[in-house]
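# Overview (structure and organization)
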Amino acid sequence: MNHLNLNCTKGKLKNGLEYILYQDKSIPLVSVNIWYKVGSAYETKGKTGLAHLFEHMMFQGSENVAKEMHFRYVQEAGGTLNGSTSTDRTNYFEKLPANSLELALWLESDRMGYFLPALTQEKLDNQKDVVKNERLERYDNQPYGLAWELINTNLYPEGHPYSWSTIGFLKDIENYTFDDVQNFFKKYYSPNNACLVVAGDFENDNATNLIEKYFGLIEPFDADYKPEITYPKLAENILVEHKDNVQLDRLYLAWHSDLIFGKDDAALEVAADILSGSKNSRLYKKLVFDLQIAQDVSAFQYSGKFGGQFMIISTARPGINLDQIKKIILDEIKTICINDVTDKELEKSKNGIKSQFVFAMQNIDTVADYLNHYKFHLGEPNSFEFDLNRYNSVDKVSIKSAVNNYLTKPFVELRIISKG
Amino acid sequence: MILDRTQKPVNIAELNFTLPKTETFTLSNGLKVYFINKTNLPMIRLNLMINAGSKFDPKNKNGLSYLTSLVLDEGAGGLDALELSDEFDMLGTNFGISTDNDSTNLSLQTLSDKFEKSLELFSKVLLQPSFNKADFEREQSKLINRILQSKDEPEYLADLVFDNVVLGDQNSYSYPVSGYEETVASITLEEIKNHYRKFFVPSNSNLVVVGNIKNDELFRLLTKHLNNWVNSKNDFSFKNISTTQQKKIYLLHKEDSVQTEIRVGHHSPLRSQDDYFQRLMLNTILGGQFTSRINLNLRERNGYTYGATSRFQYYKDNAFFEVSTSVGIENTGNALKEILFELENIHNGITDSELEFAKSSLTKKFPLNFETYRQIASGITGKILYNLPEDYFDEYIANVNSVSKSEVEQAAKLFVDNNALSIVLVGDKNLLKDKISNFNIEVVEVDTKGKSL
């Protein structure tokens, strides 16, 4: 499909900043998207959540952009903007009418090169409060909101980069110092540790000149630290029970699995879809449709650069014991290990994935972020066809082997139980 | 040449944006079709809006429209629920049904080469739903459990109470789309069938199609697959009485909460072309954006919250004004004080630069609203729902730009009434009581239906 073959121009400034240009003139918008190669995996004990807090600080202004003005300038120009922090990377993006490309590049370059002079204790204190509220609102005060943290502290050994969540522990958030934030910037926010994508309606020459103009003078430094890739194993199953203010009990099963773009990664995603991705998927049909003992069920492969995990989550209907649900899930995994999945199941999953690739192309923000995603993991931004092909190559044998490799091993079982 | 970084770059050139063109035609059964040809990708988006929202749910049958939409695609045209779902999945087509207060919406998103087959399935769901007893019972009990689960969700609970106290018992818009456990439990399959027969007719619906297909081909396929959809004569009505509320704090106790959900607002006049843009400017300045007054105050200056916004919520036949946020328990009183301050202070006038900022932001953002197939379809659907003028989008920028400072100030007087504010707090009452005791506003403890305890 030629819609998935994106003709990109790639370049690199003298200071090491890599950039990718992709033209799409179907609508007069431009998307600017920067990935910094740092996420929560790079944090250390006692300083969890720092990458995410730092992302907040990047919106607090820089040498030539006063507090609040970063948002203001983009919104005044009719744009939208945000940033996000994951385990592996931090991204910043804005989408603007095409004639405001230069504004976005000025803003992004100012905080890449001239962030520290504008950093103040007052701004830090304010954003620590904001992030504490974010944690309380989105995790602590949400039903089942602590599940992810409970799973990962048990699934990964202490000190593993995925053993804490990106938001960080409340205590750590309270304790960040001014120096922590400064040092974080000095360690990771170098132009040679970032990649800039410009996508949308613009001229290549103009964009190249503007990138050189705004980013070219930023001094690079050595961004050194990288977490190690280890392959943690569980010696035996771990059971965690947590009482919460919830109406219905919920079961979480978590296995170690393959890394992103690893040999079994795509096969595990397809297996997850066959287990729970549609009404007639195996677990949904059994648990929700036929037996009606579960309110919902979902399985997914969640993989990153430094670890992968396969999860199955199911909420019990009132009065149903989680053991009953667990048994059906584990039996189904056994079945997949022994018997091939059907042609129809495979085709159904693949057709869905193919459509989602095309649907994703509607949004220039999404396209820009994918280009950075592929560049980050594969080295080549134009990898949509490669990626689709990864799923298309999944067959009965690879599913069986992937499930055998990972889902027959020990797992973490979390039960969130109603306080009643 | 040395770069002067202190200077914000200025825009080059005017933007060359042309609105997508809407073509309209009517099938012989009376179904009105709005079509936008968009060809950058091989895909088609289709939205069918049926005038069948939860506002039509009879008394004590709240959830009827929503449950109907849940059962509708559980088997149709000779396919059982799982077969039907498989057929859509095999095509890689996304099919969905949603219900809100005003309407039930069926949507289809498909690759162009799978459009006809997808439309055929769509037509089966719409024209020949099976409504089997077993499927009905399963969906009904799933919904009852879903309602039970929503009691865990503080945002949902705050909205539930707010809708009720602001719009009042005598107003169909005040009831939740999903219904209550006992009202859903009382719904029968016969009532679902009757609801379907009464509301799911072409004359009560509008179809919006955005996609990579020729006009005449679309007309041919729609005629082939939807023309058998027949009309029946029916009258619909719903209760829409609103009363002005007294200023009160409604407290919903949620044990062990670590945050307080806050809603502050009141009933508001209907959306109208006469004042829509004035209210839009007003809200953009007050709380519609990140850099609006309320968020800058509560988040960026005081750190009370992760975010705070205000909005005018427009239904087809009703509306309210609402400020919403979630704050740490210890800051509940402080945050409420700042919200009330901003609602007072907006009556003291706005600055030229605030107005210029709001205009610039909204007019320049205009093209961003037409990027995806779904956005375009939603834009047209909104135009139909609110019965907006034919040239609404053509005149949008001019209308925004024509709003004057005094009109916004007038709008603040007319549309932000600080004597009629209902304040909803969802949190742990034992920790909240002393935070709200010195406001001199009556505090009423309520249940999830907004009834005082």
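Residues numbered from 1 in each chain as written. Chains lettered and ligands numbered in written order. Predicted model: local features only at pLDDT ≥ 70, side-chain atom pairs only at ≥ 80, totals over all residues. Heavy atoms only, no water.

Here the focus is the overall build of chain B. Along chain B, the regular secondary structure elements total 16 helices and 12 strands. Taking 2.2 N^0.38 as the reference for a compact globule, 453 residues should give roughly 22 Å; the C-alpha atoms of chain B span a radius of gyration of 24 Å, in line with that estimate. For chain B, the spread of C-alpha atoms along the three principal axes comes to 70 × 65 × 40 Å. When burial is assessed residue by residue, chain B has 58% of its 453 residues classed as buried. Of all intrachain contacts in chain B linking residues separated by at least 6 positions in sequence, the fraction that spans at least 24 positions is 81%. Roughly 18,400 Å² of accessible area belongs to chain B as shown, and the carbon and sulfur atoms make up 47% of that amount. Positive and negative side-chain charges of chain B, numbering 49 and 60 respectively, have mean locations separated by a distance of 2 Å. (Helix = DSSP H or I, 4+ residues; strand = E, 2+ residues; numbered from the N terminus. Rg over C-alpha atoms; globule rule 2.2 N^0.38 Å. Buried < 20%, exposed > 50% of the residue type's maximum accessible area, 1.4 Å probe, protein only. Contact = heavy atoms within 4.5 Å. Areas by Shrake-Rupley, 256 points an atom, 1.4 Å probe, with all protein chains shown as cover. Lys, Arg positive; Asp, Glu negative; His and termini not counted. Charge placed at Lys NZ, Arg CZ, Asp CG, Glu CD.)

A tally of regular secondary structure across chain A gives 15 helices and 11 strands. Taken over the C-alpha trace, chain A has a radius of gyration of 23 Å; the compact-globule value for 420 residues is 22 Å, and the two agree within 12%. In terms of principal-axis extent, the alpha carbons of chain A reach across some 60 × 50 × 35 Å. Looking at chain A as a whole, 60% of its 420 residues qualify as buried. Put simply, 80% of the contacts in chain A that link residues at least 6 apart link residues at least 24 apart. Charge separation in chain A, taken as the distance between the mean sites of 46 positive and 57 negative side-chain charges, equals 5 Å.

Attention now goes to the side chain of serine 276 of chain A. Residues and elements named next belong to chain A. In this structure, serine 276 sits in helix α9 (residues 265-276). Given a relative accessible area of 12%, serine 276 falls into the buried group. Here alanine 299 takes part through its backbone nitrogen, which lies 2.7 Å from a polar atom of the side chain of serine 276. Excluding anything up to four places from it in sequence, serine 276 contacts Ser281, Val297, Ser298 and Ala299. (Polar contact = N/O pair within 3.5 Å; in protein donor to acceptor, adjacent residues only side chain to side chain.)

The next subject is the packing of aromatic side chains. Under the counting rule described, the total for this entry stands at 57 aromatic pairs over all chains. When the centroid spacing of 4.5 Å and the interplanar angle of 45 degrees are considered together, the rings of phenylalanine 54 of chain A and tyrosine 189 of chain A count as tilted. Of this pair, phenylalanine 54 of chain A sits in helix α1 (residues 50-57) while tyrosine 189 of chain A sits in the loop between α7 (178-188) and β6 (194-200), and the two are 135 residues apart along the sequence. With relative accessibility at 1%, the residue phenylalanine 54 of chain A sits in the buried group. For the pair tyrosine 370 of chain A and tyrosine 374 of chain A, a centre-to-centre distance of 5.7 Å together with 35 degrees between the ring planes defines the contact as tilted. Linking tyrosine 370 of chain A with tyrosine 374 of chain A, this pair stays in helix α13 (residues 364-378), spanning four residues, or about one helical turn. For tyrosine 370 of chain A, a relative accessible area of 32% corresponds to the partly exposed category. Taking NZ or CZ as reference, arginine 271 of chain B lies 5.9 Å from the ring centre of tyrosine 314 of chain B, over its face. (Phe/Tyr/Trp six-rings, centres within 6.5 Å; stacked < 30°, edge-to-face > 60°. Lys NZ or Arg CZ within 6 Å of the ring centre and 35° of its normal.)

All names here are of chain A. The domain boundaries assigned to chain A delineate domain 1 (7-215) and domain 2 (238-418). One C-alpha centre belongs to domain 1, the other to domain 2, and the line joining them spans 29 Å. The interface of domain 1 with domain 2 comprises 38 residues on the first partner and 39 residues on the second. Around 3,300 Å² of area is buried between domain 1 and domain 2 when both sides are counted, 67% of it from carbon and sulfur atoms. Contact with domain 2 buries area across many residues of domain 1, yet Trp35, Tyr144 and Leu155 alone supply 23% of it, more than any other trio. On the surface where domain 1 and domain 2 come into contact, there are three salt bridges. A salt bridge links glutamate 380 to lysine 10, with the shortest nitrogen-to-oxygen separation between them at 2.6 Å. On inspection of domain 1 and its partner domain 2, the count reaches 19 residue pairs in polar contact (both at pLDDT 80 or more). (Domains from an automatic or database assignment. Buried area = accessible area lost by both parts, 1.4 Å probe. Salt bridge = Lys/Arg side-chain N within 4 Å of Asp/Glu carboxyl O.)

Turning our eyes to something else, we now look at the environment of glycine 307 of chain A. By secondary structure assignment, the location of glycine 307 of chain A is in the loop between β9 (294-303) and β10 (308-316). Not counting the four nearest positions on each side in its chain, glycine 307 of chain A is found in contact with Tyr156, Tyr162 and Leu259 of chain A.

Turning our attention to the layout of surface pockets. All names here are of chain B. Counted as a void, the largest pocket has a volume near 410 Å³. Of all the secondary-structure elements, those providing two or more residues to the lining of the largest pocket are β2 (32-37), α13 (373-385) and α14 (392-401). If you tally residues by element for the lining of the largest pocket, the top one is α13, at four residues. Its residues placed into classes, the lining of the largest pocket shows 10 nonpolar, three polar and five charged. (1 Å grid on protein atoms, 1.4 Å probe; cavity = no way out; pocket = protein on both sides within 12 Å on 5 of 7 lines; lining within 4 Å. Points joined across faces, edges and corners; volume = space filled by probe spheres on them. Nonpolar A, V, L, I, M, F, W, Y, C, P; charged D, E, K, R; others polar.)

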